[in-house]
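Architecture and fold: a report
Below are the chains, spelled out letter by letter.
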Amino acid sequence: MFDSLNAEQQAAVDHTGSPLLIVAGAGTGKTKTLAARVCRIIEDGADPSRILLLTFTRRAAAEMLARVAAVSTDRAASRVWGGTFHSTANRLLRNFGQSAGLSPGFTVLDQADATDLMGIVRTDEGFGERGKRFPRKETVAGIYSRMVSSQAKLADVLETDYPWCADHSDDLKTIFTAYTARKRTHQVLDYDDLLLFWRGLTASTIGDAMRDLFDHVLIDEYQDTNPIQADIVRGMCRPDTDLCAVGDDAQAIYGFRAATVANMWEFADHFPGATRVTLEQNYRSTMPILAVANAVLGQSDEHFAKELWSSRPQGLTPILRTHHDESAQSGSVATAVLDARERGMDLREQAVLFRAGHHADGLELELTRRDIPYVKYGGLKYLESAHVKDLLALLRILDNPADQLAWHRVLATMEGVGPATVRRLSDELGIEREDDDALARFIDGAGRTPSAADEQALELRTAFAECSATEPAITPAQQVDRLKQYCALVFPNRYDDPAARVADIDQLASTAAAYTTRSRFLTELTLDPPSKTSDQAGPPHLDDDWLTLSTIHSAKGLEWRSVHLIHAADGNMPSEMALGDEHGLAEELRLMYVALTRAKDELTVNFPLRFHVNRYATDDRHVYAQLSRFVDPVRELFDEETDRREIDLREPDAALAGATVGVADEVDTLLASLWD
């Protein structure tokens, strides 16, 4: 089956008889081990359809199941329930949701849409028109999600994370109550709802029926679960359920999403009699790199004991490079990247990592100047692009005519239609009334649009009619293609470069071709979106090679031969926002550990000595930085370099020492002439 498993991996694969927690250090073959365990379960005679594999990305589930399929003699892997928590919740709620009061045709809102709906409610409740400043919709949505995901009281969330909003507590309660009512009226669920309803079902009268669906439950990245997800895992397990959770508490870096590593530390309390297996043999990095990573992690005792080691003992010593300032850092990193390329290391085998997206701003300018192609991760995602959301709103109306948010977005795409007209059209179409078929009314001509939008409204009514027809029914890809004609009418008035944006709709049509139902296409696209648009990566180069720029959070789970970590200064790593918080500081240390363990062969930590107060100004005002508190204690494990082309610490030339060239006298004379 998997012949190359080491002793600890084999023990994890073969274990039976009690709940199992696999503590898998960075690069220790976690995916391989979990896939091998699924194979062993199937080979032991288990029904694949009674295996539940929960992950945090669809890609991770697909990779594991692909490995299972590669060694299976039949199509067993295709029958395993594999997917993210949210996609699995969606699948179960489509089947069991009516028991919880849900319509089978509910729509799932992505995070951006949920924020927009929160904004609509905020305005409708009168909080957007007051003379006194009120938190923006993004802040209100953030408070709500943090409160729900962490299962913390509103007062506690405001005190800990949003103290500047504490005076608005009562108003926020009003908004959240109206937001919840609006979702229920219009049959929409946000991401948090998917998990809440799933957890609710496990605790309801049909909980036993849900637990009886699966005999084996496996969870990947358990350190990233939030309290609701931990409750779901407990709720889906019978006393005899074969449970296996895999994770690395040293890579718990998503506290800002309400993930809590305590779920992993308390596994044995939640599942008495649990067994723990630790994987420490690293298959990625050289020992000099692992020595740094182990030493950094060793600065905290808030983790399960582990010491990564590698069978690759030889390798280059990591470099700690000090630079004059941020600009010098950018130039040095660009030079190092090109030097590695000349040594035979492709750009795609190299990465530059940073704590926050804006830390790479200067580097991006330098890379552009030197014609080094790159792709940046951690920024705008494909489905967050406004023009793509326009098209998806059209599809959501077809799928759920009661989706008020989608209607508001679509109506606003027409020429001459502003907020007041959207409200009038909503009333005329009956969008606010749950029992009214707004789509059929609109197709039949209801809703008086401005004369400037007559052509667009006619095209939209026609497109909706054709896409909603049952005879002949058209596929999701054909619906996207048909709705593209409407987009081509309205995009020129809404966006720059409309042709490129219409071309993005073709990309969406290609994705839709893999689906037979519009509902499934929309749901899976919402729960697991692609990461970027084609035009965000720039035009392809002839050598089809590019450098990766990534936030550390986005780099988790990935690896490169060479890694440059930039801005390794206190205030950046760790973030100054975490300096006064013990738990936040511990998570920042784990974030550093994740960054270091992405490197396979070469690791360079870059430290700019000075930060300019205004990086784009012509003056030289600056502050001096301190080396990251996580790196300073282990600097003896690095080869330290200071680029003296950038930091001129030389003594003055002997020929000029003590020389007087008379400039001061000339300046003084000039100044005196100004007031004499």
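Overview of the structure. (Residues numbered from 1 in each chain as written. Predicted model: local features only at pLDDT ≥ 70, side-chain atom pairs only at ≥ 80, totals over all residues. Heavy atoms only, no water.)

The secondary structure content of the chain amounts to 27 helices and 18 strands. Sequence separation of at least 24 residues holds for 78% of the intrachain contacts in the chain that already meet a minimum separation of 6. On the chain, roughly 30,900 Å² of surface is accessible, and the fraction owed to carbon and sulfur atoms is 50%. (Helix = DSSP H or I, 4+ residues; strand = E, 2+ residues; numbered from the N terminus. Contact = heavy atoms within 4.5 Å. Areas by Shrake-Rupley, 256 points an atom, 1.4 Å probe, with all protein chains shown as cover.)

Attention now moves to helix H9 (residues 191–202). Its 12 residues give H9 an end-to-end C-alpha distance of 18 Å, which sits within 8% of 16 Å, the value for a rise of 1.5 Å per residue. Of all the positions in H9, only Tyr 191, Asp 192, Asp 193, Leu 194, Leu 195, Phe 197, Trp 198, Leu 201 and Thr 202 are classed as buried. Measuring from the side-chain oxygen of the N-cap residue of H9 to the backbone nitrogen of Asp 192 gives 3.2 Å; that N-cap residue is Asp 190. (Expected span 1.5 Å × (residues − 1). Buried < 20%, exposed > 50% of the residue type's maximum accessible area, 1.4 Å probe, protein only. Polar contact = N/O pair within 3.5 Å; in protein donor to acceptor, adjacent residues only side chain to side chain.)

To continue, consider the pairing of strand E14 (residues 547–551). E14 sits mainly inside the fold: 5 of its 5 residues count as buried. Two strands pair when backbone bridges link them, and strand E12 (residues 350–354) and E14 are joined in this way by 4 bridges, in the parallel orientation. Each residue of the ladder has a partner; that of Ala 351, found in E14, is Thr 548. (Pairing = 2+ DSSP bridges.)

Here we come to the pattern of salt bridges. Overall, the coordinates contain 52 salt bridges when judged by the stated rule. Between Glu 366 and Arg 370 there is a salt bridge whose closest N-O contact spans 2.8 Å. Judged by its relative accessible area of 14%, Glu 366 is buried. Here Arg 635 and Glu 640 are joined by a salt bridge, their closest N and O atoms 2.9 Å apart. Residue class for Arg 635 comes out partly exposed when judged on its relative accessible area of 31%. A relative accessible area of 43% means that Glu 640 is categorised as partly exposed. Each of Lys 30, Asp 220, Glu 221, Asp 224 and Lys 556 takes part in a single network of salt bridges with overlapping partners. (Salt bridge = Lys/Arg side-chain N within 4 Å of Asp/Glu carboxyl O.)

In terms of nonpolar packing, the biggest core is built from 64 residues, with Ile 143, Phe 176, Trp 198 and Tyr 222 touching the most fellow members. Among all residues touching Phe 176, those that are not within four sequence positions of it are Met 118, Val 140, Ile 143, Tyr 144, Met 147 and Leu 154. Counting residues in each nonpolar core, the second largest holds 44 residues, with Ala 406, Ala 438, Ile 505 and Tyr 515 among its members. (Core = buried A, V, L, I, M, F, W, Y, C linked by side-chain atoms within 4.5 Å.)

Take the packing of helix H17 (residues 386–399) against helix H22 (residues 476–494) next. In the contact formed by H17 and H22, the axes pass within 10 Å of each other and the chain directions differ by 135 degrees. Between H17 and H22, the crossing angle belongs to the class labelled oblique. By crossing handedness, the relation of H17 to H22 is classed as right-handed. Here H17 contributes His 387, Asp 390, Leu 391, Leu 394, Leu 395 and Leu 398 to the contact with H22, which in turn contributes Gln 479, Val 480, Leu 483, Tyr 486, Cys 487, Phe 491 and Arg 494. Class assignment of the residues belonging to the contact of H17 with H22 gives a composition of 9 nonpolar, 2 polar and 2 charged. (Axes fitted to C-alpha atoms, helices over the stretch in contact; angles between N-to-C directions. Parallel < 35°, antiparallel > 145°, perpendicular 65-115°, else oblique. Left-handed = near helix turned anticlockwise from the far one by under 90°. Nonpolar A, V, L, I, M, F, W, Y, C, P; charged D, E, K, R; others polar.)

Before going further, it helps to spend a moment on the packing of helix H4 (residues 85–96) against helix H24 (residues 518–527). At a minimum axis separation of 9 Å, H4 and H24 run at an interaxial angle of 150 degrees. In terms of their interaxial angle, H4 and H24 are classed as roughly antiparallel. Of the two elements, H4 crosses H24, and the hand of that crossing is right-handed. Taking contact as the criterion, the partners of His 86, Ser 87, Asn 90 and Arg 94 in H4 are, on H24, Ser 519, Thr 523 and Leu 527.

With that settled, consider the sheet that holds strand E6 (residues 216–219). If you trace the 6 strands from one edge of the open sheet to the other, you get E3-E2-E6-E7-E1-E8, paired in parallel fashion. Edge positions in the sheet fall to strand E3 (81–84) and strand E8 (275–279), since each has one partner strand and no second. Here the strands of the sheet are splayed against their neighbours by 15 degrees on average, with no regard to which way each runs. When strand E2 (residues 51–55) meets E3, the two strands line up parallel, connected through 4 bridges. Its bridge partner lying in E3, Leu 52 is registered against Trp 81.

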